[in-house]
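Spelled out from the first residue to the last, the chains are:
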Amino acid sequence: MWSYLGRRLIQVPLVLLVVSLMTFAITRATPGDPVTIMLGMQTSPEAAKAMREEFNLDRSLPEQYGLWIAKVLTGDLGRSMRLNDRVTTLIAERLPISLQLASAGMLFALLVSIPLGVIAALRRNSWIDYLCTGYTVLGFAVPNFGLALILIYVFSIRLDWLPITGIGSSEAEAGGFWKHYSPFIIPAIALGSLQTAMLTRLLRSSMIDVLSQDYMRTARAKGLLPANIVIIHALKNAMIPFVTMAAVQFGYMIGVQVTIEYIFAVPGMGSAVLNAVINRDFPVIQGFTLVIAVFFLVMNILADMMYALLDPRIRY
Amino acid sequence: MTLLRVRNLRTRFATDRGDVRAVNGVSFDLAEGEILGLVGESGSGKSVTAMSIMRLVPEPPGHVAADSLAFDGRELLQLSEAQMREERGSSMAMVFQDPMRSLNPVLTIGRQILEVLRRHQKLDGPAAKRRAIELLETVGIPSAEKRLGAYPHQFSGGMRQRVMIAIALSCNPRLLIADEATTALDVTIQAQIIDLVKRLTRERGTSVIWISHDLGVVAGLCDRVNVMYAGNVVESGPIRELFHRPSHGYTLGLMGSTPRVDGVGVRRLTPIEGVPPNLIEPIKLCPFLPRCRVSVPACQATPPERRDLGGGHWAACLADLAPRSVAR
């Protein structure tokens, strides 16, 4: 187990190196000059030159990358070209918000998919199973921004039950529990819709597989209570692929909440990256991508660890 | 004293093409302390008979009916599912074929034993643990205390089947059903397991239904045998009687296709030609007739009745096979 973890951790810097190189290459290959965007067309050549020098943009590409990565290794991700803040400061502000939103999205996905997947498997080919299948098809088919707009229309505009925005706002932070967390509800549902569908389907099929196993017959032959049979004997087995998938998806959600953050004006990682891309704010794009990659890798390793923890047959 | 009385047990399964009559009128008695063998080829209804007695047949698609299915004087088909749960694992227990897959891979052996004790004997804590260790020792698992925390994949096939037996016997059942319990094991282990079951059930006076397609195993273990074909018992009798005087075309065929190591005659193995009948179609004559080598003209006209051969031995066969069996 520990040697496996060690081997996995050694891979992390390698993956991050590739990620950083690719991000660097993509930012530099994208048309659009950050200096022109930042200072405008009418700026003086001197000001433009000064900014190029400040951000090393006058150097060759290998030099630019080398200088950046050398700083990264010391924990310095540079400064934003536009906001004049340190990239690490921006991350410290925005990562907790993104983590909260992703957690809320995953929490919603788990709360729906676990009962739905189990019931659908237990009542196979019943109306509730068909309902579950229909729901998962919708979850796969409807893009999260589409669902977000529908939810806003119904629950915020028509019914006026839930706020649309407010995540991370000072007003919400100062308010009570409801004031603080109610702005998360709609974005979390929209963000987690794909994962809900995916996890429901996965749990349903792995439960169906487990229910047909011989050890389930043994459990029934022991006269155990149905709840015990389902939760201890079936769910514990069916949860093995489920938990792994959930962990991987959680890492993924941090990176893909761009549209959701944009719609709900969430000051998280995603909206920051989006703005940085629009403004060609190279240090922010590179720094944020790196952090998202780290998070994704950590969740993947964690998923593998949980796999070994849940299934005694797996030993790394 | 009769522990289990089965009369006209009928179990069918609904399929798209019609009802499959997997068990079609099985009747027998099982005395207390008796070991009854159930033999027959795959699909003959042995396992479904056992599952029907345990009421473990999934309904739907299955449906179990009987004129009587009385266990210790109680009609099992009239018990609710909750009442049945009290009996399963407690007064009636079952051991299955594949010990590799019959134990839950993610739960420790200890947990899988303890849960039965907790469920049926309200045993918990150190007392339950002591009992579990005792059970594992009874079935011959060395350093039982340490093994409680082990997972099934850390055991060999034979050891796992011992664990299954320990679980089945944990609440001192009055009836133990073993469904092909030694089929997946190699022969030396088979012999050990059979000895174990024989010893433990004799000691406790447990009645056993031993399901197998292996005549040799049945001969060495059972008091009486029911030979099953196409969902029914076609011949039944005390072990010696039946083996010395097989009186049904199918029993004869079964014996002819089983190798003997006792050196009685050197002969070729003769397989039973053809396939068992489709159990969706109603069967009017003898179900074995199309494959029978000893049929007589009367077989084409009337279905066979039970013919009493004395000493508790009977066969549902119209051919008189007495002389043949002597030749064997």
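Keep in mind it's a predicted model, so treat the numbers as computed, not measured.

Draft legend 1. Main features of the overall build of chain A. When helices and strands are tallied, chain A shows 14 helices and zero strands. Listed N to C, the secondary structure of chain A is α-α-α-α-α-α-α-α-α-α-α-α-α-α in terms of helices and strands. When the backbone C-alpha atoms are referred to their principal axes, chain A occupies close to 85 × 55 × 35 Å. Within chain A, contacts between residues separated by at least 24 positions form 74% of all contacts whose residues are at least 6 apart in sequence. Per element, the accessible surface of chain A, about 15,700 Å² overall, is 68% carbon and sulfur. In chain A, the 24 positive side-chain charges and the 19 negative ones have mean positions that sit 12 Å from each other.

Draft legend 2. Geometry of the overall build of chain B. Helix and strand counts for chain B stand at 12 helices and 13 strands. The C-alpha radius of gyration computed for chain B amounts to 21 Å, which stays within 12% of the reference 20 Å derived for 328 residues, consistent with globular compactness. Each principal axis of the C-alpha atoms in chain B carries an extent, and together these give about 70 × 45 × 40 Å. Relative to its full complement of 328 residues, chain B shows a buried share of 54%. When contacts within chain B are restricted to residue pairs at least 6 apart in sequence, long-range pairs at least 24 apart make up 64% of them. Of the charged side chains in chain B, 41 are positive and 34 negative; the average position of the first set lies 2 Å away from that of the second.

Draft legend 3. Local environment of helix H7 (residues 144-158) of chain A. Residue and element names in this part refer to chain A. Here H7 is 15 residues long and its end C-alpha atoms lie 20 Å apart, about the 21 Å a rise of 1.5 Å per residue gives. The largest bend in H7 amounts to roughly 30° and is located at Ile152. Buried within H7 are the following residues: Asn144, Gly146, Ala148, Leu151, Ile152 and Ser156. Packing partners of the buried residues in H7 comprise helix H9 (177-211) and helix H12 (258-263). Following H7 by one or two positions, Asp160 adopts a phi angle in the positive range, close to 55°.

Draft legend 4. Quick peek at the environment of Asp129(A). Residue and element names in this part refer to chain A. With respect to the helices, strands and loops of the structure, Asp129 is situated in helix H6 (residues 127-141). With relative accessibility at 1%, the residue Asp129 sits in the buried group. Note: C-alpha distance between Asp129 and Arg28 (101 residues apart in sequence) is 50 Å. The contact partners of Asp129, leaving out residues within four places of it in the chain, are Ala120, Arg123, Arg124 and Arg204. For Asp129, the side chain forms a polar contact with the main-chain nitrogen of Asn125, separated by 2.8 Å. A polar contact of 2.7 Å, which involves the side chain of Asp129, links it to the side chain of Arg204.

Draft legend 5. Spotlight on the pattern of salt bridges. All names here are of chain A. According to the stated counting rule, one finds 27 salt bridges over all chains in the structure shown. Note that Asp76 and Arg86 form a salt bridge whose closest N and O atoms lie 2.8 Å from each other. Taken together, the residues Asp76 in the loop between helix H4 (61-73) and helix H5 (87-122) and Arg86 in the loop between H4 and H5 connect sequence positions 10 residues apart. Note on Asp76: relative accessible area 15%, which makes it buried. A salt bridge links Arg204 to Asp129; the nearest nitrogen and oxygen atoms lie 2.7 Å apart. A residue pair is termed long-range when its members are at least 10 positions apart, and Arg204 in helix H9 and Asp129 in helix H6 qualify at 75 residues. Among the charged side chains, a network of salt bridges with common partners joins Lys71, Asp76 and Arg86.

Draft legend 6. Structural context of the sheet that holds strand E10 (residues 224-229) of chain B. Residue and element names in this part refer to chain B. A sheet is described by the order of its strands in space; here eight strands give the open sequence E7-E8-E9-E3-E10-E11-E13-E12, paired in mixed fashion. Only two strands of the sheet have a single partner each, and these edge strands are strand E7 (92-95) and strand E12 (307-308). When E7 meets strand E8 (residues 175-179), the two strands line up parallel, connected through four bridges. Counterpart to Ala93 in the pairing with E8 is Leu176. Packed on one face of the sheet, helix H1 (residues 46-53) meets strand E3 (35-39), E7, E8, strand E9 (207-212) and E10 and runs near 150° to E9. Across the face of the sheet, helix H8 (residues 187-204) comes into contact with E3, E8 and E9 while running at roughly 160° to E9.

Draft legend 7. The packing of aromatic side chains, seen in detail. One pass over the structure, following the stated rule, counts eight aromatic pairs over all chains. Look at Phe155(A) and Trp161(A): their rings are 5.9 Å apart centre to centre, the planes differ by 40°, and that puts the pair in the tilted class. Phe155(A) gets classed as partly exposed once you look at its relative accessible area, which sits at 27%. For the ring pair Tyr229(B) and Tyr250(B), a centre distance of 4.6 Å and an interplane angle of 50° mean the geometry is tilted. Residue Tyr229(B) is located in strand E10, and its partner Tyr250(B) is located in helix H11 (residues 249-256); the two are separated by 21 residues in the primary sequence. We classify Tyr229(B) as buried; its relative accessible area is 1%.

Draft legend 8. Inspection of the interface of chain B and chain A at higher detail. In this assembly, 26 residues from chain B lie in contact with 21 residues from chain A. Here chain B meets chain A over a buried area of about 2,100 Å², counting both sides, of which 60% is carbon and sulfur. Put simply, chain B and chain A have two salt bridges between them. Asp214(A) is the salt-bridge partner of Arg101(B), the closest N and O atoms lying 3.7 Å from each other.

Draft legend 9. Just the side chain of His248(B), in detail. Residue and element names in this part refer to chain B. Take His248: it is sitting in the loop between helix H10 (239-244) and H11. Classification of His248 by relative accessible area gives buried; the value is 1%. A distance of 2.9 Å separates the side chain of His248 from the backbone nitrogen of Tyr250, its partner in a polar contact.

The rules behind the values
- Residues numbered from 1 in each chain as written.
- Chains lettered and ligands numbered in written order.
- Predicted model: local features only at pLDDT ≥ 70, side-chain atom pairs only at ≥ 80, totals over all residues.
- Heavy atoms only, no water.
- Helix = DSSP H or I, 4+ residues; strand = E, 2+ residues; numbered from the N terminus.
- Contact = heavy atoms within 4.5 Å.
- Areas by Shrake-Rupley, 256 points an atom, 1.4 Å probe, with all protein chains shown as cover.
- Lys, Arg positive; Asp, Glu negative; His and termini not counted.
- Charge placed at Lys NZ, Arg CZ, Asp CG, Glu CD.
- Rg over C-alpha atoms; globule rule 2.2 N^0.38 Å.
- Buried < 20%, exposed > 50% of the residue type's maximum accessible area, 1.4 Å probe, protein only.
- Expected span 1.5 Å × (residues − 1).
- Bend = angle between axes of the 7 residues up to and from the residue.
- Polar contact = N/O pair within 3.5 Å; in protein donor to acceptor, adjacent residues only side chain to side chain.
- Salt bridge = Lys/Arg side-chain N within 4 Å of Asp/Glu carboxyl O.
- Pairing = 2+ DSSP bridges.
- Axes fitted to C-alpha atoms, helices over the stretch in contact; angles between N-to-C directions.
- Phe/Tyr/Trp six-rings, centres within 6.5 Å; stacked < 30°, edge-to-face > 60°.
- Buried area = accessible area lost by both parts, 1.4 Å probe.

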